[in-house]
Amino acid sequence: SAVISQKPSRDICQRGTSLTIQCQVDSQVTMMFWYRQQPGQSLTLIATANQGSEATYESGFVIDKFPISRPNLTFSTLTVSNMSPEDSSIYLCSVGPRGSNEKLFFGSGTQLSVL
Amino acid sequence: AQTVTQSQPEMSVQEAETVTLSCTYDTSESNYYLFWYKQPPSRQMILVIRQEAYKQQNATENRFSVNFQKAAKSFSLKISDSQLGDTAMYFCAFMGHNAGNMLTFGGGTRLMVKP
């Protein structure tokens, strides 16, 4: 399995500001993903973080709102830009380790509240 | 596109009894993977059990087992000898063989284990 450190664990932010969430893995991983979990809802994939190239975004999510970086095989960031109360959610990082046999592991999530 | 449906938003079970959570999915693919994840109040997504579609044998992990009916596109989770620590949200998830580790989640079932 992979050990995933996600920071911050929670934050309360003002409308119009931005927050960057970090995801650090203890081993090199092929795939890294960012999910959003709105209150009382299931998980929705935001984007796939590609190492060395631009992230691949799912329908309904755009780079200007959720810029993603992946500078190497163990680290990624997700920024939630120009936040509004509708962005209040849990954001989760997920990784697929090499040789994981299609197992995905998740970070502990970032609980974001926007006032 | 794949869809995953969990028809039971909430369930409860007495401690030490058995409970079954339902999941159905829709896909045109013949080779894929199915998962059950547990999310306790800590927000951590924990992999409970995994099934490969090409395997006829149902997966088991200690007290957790699945009933995989490929023709019916059904993938239910049975929890035996329920424990208080099993109280959590449970998500059924689908991953296509060529999906690059991307998961599609069901809406979740909230399970309460009562003493």
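Computed from a predicted structure; not experimentally measured.

A look at the pairing of strand β4 (residues 29–37) of chain A
All names here are of chain A.
Now for step 1: Across the nine residues that make up β4, a large majority, eight, are buried.
Now for step 2: Judged from the six bridges that link them, β4 and strand β5 (residues 43–49) form a sheet pairing that is antiparallel. From the neighbouring strand, Arg36 faces β5, where its bridge partner is Thr44.

Examining the state of the cysteines
Now for step 1: For the structure shown, the criterion picks out two disulfides over all chains.
Now for step 2: Across the disulfide from Cys23 of chain A sits Cys93 of chain A; the S-S distance is 1.9 Å. With the S-S dihedral at roughly -60°, the linkage between Cys23 of chain A and Cys93 of chain A falls on the left-handed side. Residue Cys23 of chain A is found in strand β3 (residues 19–25), and its partner Cys93 of chain A is found in strand β9 (residues 89–97); the two are separated by 70 residues along the sequence. Of the two residues, Cys23 of chain A and Cys93 of chain A, both sit in the buried class.
Now for step 3: Here Cys23 of chain B pairs with Cys92 of chain B through a disulfide, and the sulfurs are 2.0 Å apart.

Comments concerning the packing of aromatic side chains
Now for step 1: Within the structure shown, the criterion is met by 14 aromatic pairs over all chains.
Now for step 2: The interplanar angle of 80° and the centroid separation of 6.3 Å between the aromatic rings of Phe68 of chain B and Phe75 of chain B together place this pair among those described as edge-to-face.
Now for step 3: The class of Phe68 of chain B is buried, set by a relative accessible area of 7%.
Now for step 4: On the accessibility criterion, Phe75 of chain B (0% relative accessible area) is buried.
Now for step 5: The structure contains a cluster of three or more aromatic residues connected by ring pairs, namely Tyr35 and Phe106 of chain A together with Phe35, Tyr37, Phe91 and Phe105 of chain B.

Things to note about unusual backbone geometry
Peptide bonds are mostly trans, and most non-glycine residues show a negative phi.
Now for step 1: Residue Pro8 of chain A is bonded to the preceding Lys7 of chain A through a cis peptide linkage, with omega at -5°.
Now for step 2: Inspection of the secondary structure puts Pro8 of chain A in the loop between β1 (4–7) and β2 (10–13).
Now for step 3: Phi is positive for Lys73 of chain B, close to 55°, though the residue is something other than glycine.
Now for step 4: Although it is not a glycine, Asp81 of chain B sits at a positive phi angle of roughly 50°.
Now for step 5: Within the secondary structure, Asp81 of chain B is located in the loop between β9 (74–79) and β10 (88–96).
Now for step 6: Relative accessible area serves as the criterion here: at 41%, Asp81 of chain B is assigned to the partly exposed category.

Points about the pattern of salt bridges
Residue and element names in this part refer to chain B.
Now for step 1: Tallied over the entire structure, the rule returns five salt bridges over all chains.
Now for step 2: With a closest N to O distance of 2.8 Å, Arg50 and Glu52 form a salt bridge.
Now for step 3: On the accessibility criterion, Arg50 (15% relative accessible area) is buried.
Now for step 4: Overall, the relative accessible area of 7% leaves Glu52 in the buried class.

Looking at the interface of chain A and chain B
Now for step 1: With 25 residues of chain A at the interface, the matching set in chain B holds 20 residues.
Now for step 2: When chain A packs against chain B, the two sides together hide about 1800 Å² of surface, and 53% of this comes from carbon and sulfur.
Now for step 3: The tally of links from chain A across to chain B stands at zero salt bridges.
Now for step 4: For the side of chain A that touches chain B, the elements supplying multiple residues, two or more each, are β4, β5, β9 and β11 (110–114) of chain A.
Now for step 5: A per-element tally of the side of chain A that touches chain B places β4 of chain A first, with four residues.
Now for step 6: In the side of chain A that touches chain B, the residues fall into nine nonpolar, 12 polar and four charged.

Things to note about the environment of Arg15 of chain A
All names here are of chain A.
Now for step 1: Here Arg15 is to be found in the loop between β2 and β3.
Now for step 2: Overall, the relative accessible area of 57% leaves Arg15 in the exposed class.
Now for step 3: As for Arg15 and Asp87, which are separated by 72 residues in sequence, their C-alpha atoms are 9.5 Å apart.
Now for step 4: Contact partners of Arg15, with chain neighbours within four places excluded, come to Met83, Ser84, Pro85, Val114 and Leu115.

Notes on the side chain of Ser84 of chain A
Residues and elements named next belong to chain A.
Now for step 1: The residue Ser84 is located in the loop between β8 (75–80) and β9 in this model.
Now for step 2: There is a polar contact of 2.9 Å between the side chain of Ser84 and the side chain of Glu86.
Now for step 3: With near-sequence residues (within four places) excluded, Ser84 lies in contact with Arg15, Lys65 and Val114.

The rules we used
Residues numbered from 1 in each chain as written. Chains lettered and ligands numbered in written order. Predicted model: local features only at pLDDT ≥ 70, side-chain atom pairs only at ≥ 80, totals over all residues. Heavy atoms only, no water. Buried < 20%, exposed > 50% of the residue type's maximum accessible area, 1.4 Å probe, protein only. Helix = DSSP H or I, 4+ residues; strand = E, 2+ residues; numbered from the N terminus. Pairing = 2+ DSSP bridges. Disulfide = S-S within 2.5 Å. Phe/Tyr/Trp six-rings, centres within 6.5 Å; stacked < 30°, edge-to-face > 60°. Salt bridge = Lys/Arg side-chain N within 4 Å of Asp/Glu carboxyl O. Contact = heavy atoms within 4.5 Å. Buried area = accessible area lost by both parts, 1.4 Å probe. Nonpolar A, V, L, I, M, F, W, Y, C, P; charged D, E, K, R; others polar. Polar contact = N/O pair within 3.5 Å; in protein donor to acceptor, adjacent residues only side chain to side chain.

None of this, on its own, says anything about what the molecule does.
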